[in-house]
Amino acid sequence: MYKLLKKVKEINPLVLHYTNNVTITDCANTTLAIGASPLMSFSYEEVDDIVKVSSSVVINIGTMNSELLDLYVLAGKTANKYNKPVILDPVGVFATKARTDLTNKLLNEVKFDVIRGNISEIQFIGGLDVKGKGVDSFDDGSDASFIVKEVAKKLECVVVASGKTDVISDGDKIYKISNGTPKLKFITGTGCMSTSLIGSFLPCAEEKIDAAVMGTLVMSLCGELANRENPSIGSFKTRLFDEMFILNEDTCNKYGKIELAQLKFSL
Amino acid sequence: MYKLLKKVKEINPLVLHYTNNVTITDCANTTLAIGASPLMSFSYEEVDDIVKVSSSVVINIGTMNSELLDLYVLAGKTANKYNKPVILDPVGVFATKARTDLTNKLLNEVKFDVIRGNISEIQFIGGLDVKGKGVDSFDDGSDASFIVKEVAKKLECVVVASGKTDVISDGDKIYKISNGTPKLKFITGTGCMSTSLIGSFLPCAEEKIDAAVMGTLVMSLCGELANRENPSIGSFKTRLFDEMFILNEDTCNKYGKIELAQLKFSL
Amino acid sequence: MYKLLKKVKEINPLVLHYTNNVTITDCANTTLAIGASPLMSFSYEEVDDIVKVSSSVVINIGTMNSELLDLYVLAGKTANKYNKPVILDPVGVFATKARTDLTNKLLNEVKFDVIRGNISEIQFIGGLDVKGKGVDSFDDGSDASFIVKEVAKKLECVVVASGKTDVISDGDKIYKISNGTPKLKFITGTGCMSTSLIGSFLPCAEEKIDAAVMGTLVMSLCGELANRENPSIGSFKTRLFDEMFILNEDTCNKYGKIELAQLKFSL
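What you see is a predicted model; the values in this text were computed from it and never measured.

## A closer look at the packing of helix 2 (residues 24–34) of chain B against helix 10 (residues 233–246) of chain B
Residues and elements named next belong to chain B. Between helix 2 and helix 10, the shortest axis-to-axis distance is 8 Å and the interhelical angle comes to 30°. The angle between the axes of helix 2 and helix 10 places the two elements in the roughly parallel class. The way helix 2 lies across helix 10 gives a crossing that is right-handed. Judged by residue contacts, D26, N29, T30, A33 and I34 of helix 2 engage K237, F241, M244 and F245 from helix 10. Considered class by class, the residues forming the contact of helix 2 with helix 10 number 5 nonpolar, 2 polar and 2 charged.

Put into structure tokens, the structure is as follows:
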């Protein structure tokens, strides 16, 4: 799976983003750092043209710009039309009725290949009660494997729940990643950037779940590596990009903590 | 007052921003660095839902997006409706009629708890002649105490004028902060970030003016500390966030230059 | 020409940007680093007021926000009305019909002083076949002098094609800059930032082409200098701003590789 790091640099996929205004620059730089090409658009006029030439499409509802709500849906449907892998980041889906409504509409009208959120977002999408504040997650560290797998089955796609332990499932297999550092929560956009990374790997992977695992791993592992000397938060962000740019298979082999998990109980 | 640094980390307030597209990422990261949670929205659909769960509301008219002008007003009124502390950053209010009109409308329809601007913006709001270029301030270093106090009285809120010396008044007390470095003017958004900091402290402070003083101090003091080795501007920005993240009471006690000022002449 | 570095700091021109959401912060910080003042607006209401007081106007169609398409045109026409130097960055003009249409409209209704793009964008504007992906350039290192000069003649303005070698022409003279580093392509916005730099120098230069050469040089040279110790990408971006902020005539004299070129064949 670590071979995807080389492959993304060879293929240099064009990752089209319909995303929020807060983390858009960092998402573009993340995509570049890993070896893909970002493209961001806020235009209805070019959806068809631009989705057609993209390698994958990222839809991130982060700032919920009123004039973009229909654009997210149109972009998702166009991605399906052209068989482009499409990934959803339902930022703060639990926070407001407007976010819930938009996410429902997206899930009903678009077939997503991957959905990535924090554990609160994924739980909400799965229909469970959710504790979360604003767009941030309530993460008590309990095992999210069951809910992630169930949501993946229900929505027939790969689901990623970022958290203390990241959990990824396609409804069958479950991967857990235990890399990371709490410091990642003190810079904005690490979730969005993970989504951009998954969008970068999706056009390169034979199995969608491999792309989701790699995208998630890159953020968590590079966060961990960036934090080795316990830098303060400005320096930490700089080093996070440093680590992403130089990450290779050897480093993943040495430090990556990916586990193919078994559910103890199956319903 | 320095205890607010600990309190904001305990309370972790949700600071809702209706803000500009230039400094939005830095404002989010500032809010996180100080221990609060940022939330940015550009959506009419979720105003009521989202203001209701926020701890404070920041309104910053920086890039004057046409489609957001009504949103700023709606957000401010909704903040009043739910008794959420609300703070205005009237970026470049003197620069165009559209900015003046919007600020007038906001001041007429919304009761603000704090207004923060550079000295040119505050002077303009106070009805005086203003020298300023674009959205930047003309600051000749002369004492702004009188005008800041008068504007605070007139608008019945706390007013902050950032400058060589920062001046904060609630119409009664006047604080002056003489920390800082000219280098802060060579990165975009330090004013906006101060406003986000005030928004972070407001839900934690018993006296509004304390939140305004602390938010202003954090930016000026961390700028001063970040500049100790005279780094160039890219490194300076990194260090500014480093300093904000690690700032504590001891450092404030040691380096903070806050003065409770007396007006020499009262009219 | 290097004297412009000092002059921009003396004049401190107000560089008004109508630009994209991805690189807007970096463009503002670039403008500040070089000694000018950035101003970004997304408002129809203030175009006339704000163009009138600006020193130059930058139009960058990067994210093609639907609601801004008319604003770009209005801003350009208003810049012409007030005789303000105006510069176009036709990001990804070849990528979609909507981008081509907008650029055509801009070129037909606005008289630009400078157009800056990557070689693919400039070739497309010149009516040639283009290889490019998304908004990135296909640059095989072949000499772009002829096409740049022809486009400059055709559009009666200064044209800049950024690439391995940067080429700048006013339809008569041709300058080539061979500073730079491939690493510049791994952070988003270096093209946009070059455009902002040109916008910063335009109000300070007697010859428009000098402003275009200097703006282009600053980015390529500072990229080269920032890369001296081969930092990874996060550190590289920090150093890029460090270098821009401290760049002076001596450094340009020592490291700048500007060549006034001759076309071997003239048609």
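## A look at the sheet that holds strand 3 (residues 56–60) of chain C
Residue and element names in this part refer to chain C. Read from one edge to the other, the open sheet built from 9 strands follows the order 2-1-3-4-5-8-9-10-11, with strand pairing classed as mixed. One side of each edge strand has no neighbouring strand; the edge strands of this open sheet are strand 2 (37–40) and strand 11 (258–261). Direction aside, the axes of adjacent strands within the sheet are offset by 20° on average. The pairing of strand 5 (residues 114–118) with strand 8 (residues 158–162) spans 5 bridges and is parallel. The partner of N118 across the bridge, within strand 8, is S162.

## Observations concerning the sheet that holds strand 4 (residues 86–89) of chain A
Residue and element names in this part refer to chain A. Taken together, the 9 strands give an open sheet; going across it, the order is 2-1-3-4-5-8-9-10-11, and neighbouring strands pair in mixed fashion. Where the open sheet ends on each side, the last strands, each with one partner, are strand 2 (37–40) and strand 11 (258–261). With direction set aside, neighbouring strand axes in the sheet form an average angle of 20°. Pairing between strand 8 (residues 158–162) and strand 9 (residues 166–169): 3 bridges, direction antiparallel. Residue pairing across strands places V160 opposite I168, the latter belonging to strand 9. Seen against the sheet, helix 4 (residues 69–81) touches strand 1 (14–18), strand 3 (56–60) and strand 4 and runs at an angle of roughly 155° to strand 3.

## A short note on the relation of the copies chain A and chain B
If you rotate chain A by 120° and push it 0.0 Å along the axis, it lands on chain B with an RMSD of 0.0 Å. As the rotation angle and translation indicate, the two copies are arranged about a three-fold axis. It is N21 of chain A whose C-alpha, among those of chain A, lies nearest the rotation axis, at 3.9 Å. When you check the interface residues of chain A against chain B, a mere 10% turn up at the interface there too, and the two sides of the contact use different surfaces.

## Considerations on helix 2 of chain B
Residues and elements named next belong to chain B. Burial analysis of helix 2 places 11 of its 11 residues in the buried class, the great majority of the element. Listing the buried residues of helix 2 in full gives I24, T25, D26, C27, A28, N29, T30, T31, L32, A33 and I34. One or two positions beyond helix 2, positive phi appears at G35, with a value near 110°.

## Focus: the UniProt feature "binding site: ATP" (unreviewed entry) in chain A
All names here are of chain A. Per the UniProt entry, the sites bearing "binding site: ATP" (unreviewed entry) are R116 and S162 in this numbering. The largest pairwise C-alpha distance within this set of annotated residues, which runs over 47 residues, is 7.5 Å, so the set is compact in three dimensions. Mapped onto the elements, R116 comes out in strand 5 (residues 114–118). Here R116 falls in the buried class, since its relative accessible area comes to 4%. Beyond its immediate sequence surroundings of up to four residues, R116 is in contact with L88, D89, P90, I122, V160, S162, G191, C192, S194, T195 and I198. Note on S162: relative accessible area 16%, which makes it buried. For S162, the residues in contact, after removing those within four places along its chain, are R116, G117, N118 and I119.

## Quick word on the interface of chain C and chain A
Facing 29 residues of chain C, the contacting portion of chain A comprises 28 residues. Contact between chain C and chain A buries roughly 2300 Å² in total, counting both sides, with carbon and sulfur atoms accounting for 56%. Applying the counting rule to chain C against chain A returns 1 salt bridge. In this structure, R99 of chain C engages E46 of chain A in a salt bridge whose closest nitrogen and oxygen atoms are separated by 2.8 Å. Joining chain C to chain A, the criterion identifies 13 residue pairs in polar contact (both at pLDDT 80 or more). When residues of the side of chain C that touches chain A are traced back to their parent elements, those giving at least two are helix 5 (97–109) and helix 10 (233–246) of chain C. Among the elements that make up the side of chain C that touches chain A, the one with the highest residue count is helix 10 of chain C (5 residues).

## Section: the environment of K6 of chain C
With respect to the helices and strands, K6 of chain C occurs in helix 1 (residues 4–11). Between the C-alpha atom of K6 of chain C and that of N248 of chain C, which follows or precedes it by 242 residues, the distance is 7.7 Å.

## A look at the state of the cysteines
Disulfides are covalent bonds that link the sulfur atoms of two cysteine residues. All chains considered together, the criterion is met by 0 disulfides over all chains. Looking at the unpaired C27 of chain B, the closest cysteine sulfur is the one in C192 of chain B, lying at 5.1 Å. Take C27 of chain B: its relative accessible area is 1%, and that puts it in the buried class. With no disulfide of its own, C222 of chain C has C252 of chain C as its nearest cysteine by sulfur position, at a separation of 7.5 Å. By relative accessible area, C222 of chain C is classed as buried at 0%.

## Section: the interface of chain A and chain B
Listed by partner, the interface residues are 29 residues for chain A and 27 residues for chain B. Summed over both partners, the interface of chain A with chain B buries about 2300 Å², with 57% contributed by carbon and sulfur atoms. At the surface where chain A touches chain B, the tally comes to 1 salt bridge. At the boundary of chain A with chain B, the tally comes to 13 residue pairs in polar contact (both at pLDDT 80 or more). Sorting elements by how many residues they give to the side of chain A that touches chain B places helix 10 (residues 233–246) of chain A first, with 5 residues.

## Notes on the confidence of the model for chain A
Averaged over chain A, the pLDDT score is 94; the fraction of residues at 70 or greater is 95%. We note a pTM of 0.95 for the whole complex and an ipTM of 0.94 for its interfaces.

## Looking at the packing of helix 9 (residues 208–226) of chain C against helix 10 of chain C
Residues and elements named next belong to chain C. The contact between helix 9 and helix 10 brings their axes to 8 Å, and the two run at 125°. On the basis of their axis angle, the class for helix 9 and helix 10 is oblique. When the axes of helix 9 and helix 10 are compared, the crossing they make is right-handed. Facing V218, M219, C222, G223, L225 and A226 of helix 9, the residues of helix 10 in contact are F236, R239, L240, E243 and M244.

## A few points about the UniProt feature "binding site: substrate" (unreviewed entry) in chain A
All names here are of chain A. Sites flagged by UniProt as "binding site: substrate" (unreviewed entry) map to M40 and G189. Position of M40 among the secondary structure elements: in strand 2. Turning to its location among the elements, G189 is positioned in the loop between strand 10 (174–177) and helix 8 (190–201).

## Observations regarding the packing of aromatic side chains
Taken as a whole and assessed by the stated rule, the structure comprises 3 aromatic pairs over all chains. Consider the rings of F245 of chain A and F186 of chain C, whose centres lie 5.4 Å apart with planes at 65°: the pair is edge-to-face. Note that F245 of chain A is positioned in helix 10 and F186 of chain C in the loop between strand 10 (174–177) and helix 8 (190–201), a pairing that runs across two chains. Residue classification places F186 of chain C among the partly exposed residues on the basis of a relative accessible area of 32%. The residue whose ring lies beneath R228 of chain B is Y255 of chain B, and the NZ or CZ to ring-centre distance is 5.9 Å.

Here is what the cut-offs are and how they apply
- Residues numbered from 1 in each chain as written.
- Chains lettered and ligands numbered in written order.
- Predicted model: local features only at pLDDT ≥ 70, side-chain atom pairs only at ≥ 80, totals over all residues.
- Heavy atoms only, no water.
- Axes fitted to C-alpha atoms, helices over the stretch in contact; angles between N-to-C directions.
- Helix = DSSP H or I, 4+ residues; strand = E, 2+ residues; numbered from the N terminus.
- Parallel < 35°, antiparallel > 145°, perpendicular 65-115°, else oblique.
- Left-handed = near helix turned anticlockwise from the far one by under 90°.
- Contact = heavy atoms within 4.5 Å.
- Nonpolar A, V, L, I, M, F, W, Y, C, P; charged D, E, K, R; others polar.
- Pairing = 2+ DSSP bridges.
- Least-squares fit on C-alpha atoms with pLDDT ≥ 70 in both.
- Buried < 20%, exposed > 50% of the residue type's maximum accessible area, 1.4 Å probe, protein only.
- UniProt positions renumbered as here; feature names shortened; annotations may be inferred.
- Buried area = accessible area lost by both parts, 1.4 Å probe.
- Salt bridge = Lys/Arg side-chain N within 4 Å of Asp/Glu carboxyl O.
- Polar contact = N/O pair within 3.5 Å; in protein donor to acceptor, adjacent residues only side chain to side chain.
- Disulfide = S-S within 2.5 Å.
- pLDDT = per-residue confidence, 0-100.
- Phe/Tyr/Trp six-rings, centres within 6.5 Å; stacked < 30°, edge-to-face > 60°.
- Lys NZ or Arg CZ within 6 Å of the ring centre and 35° of its normal.

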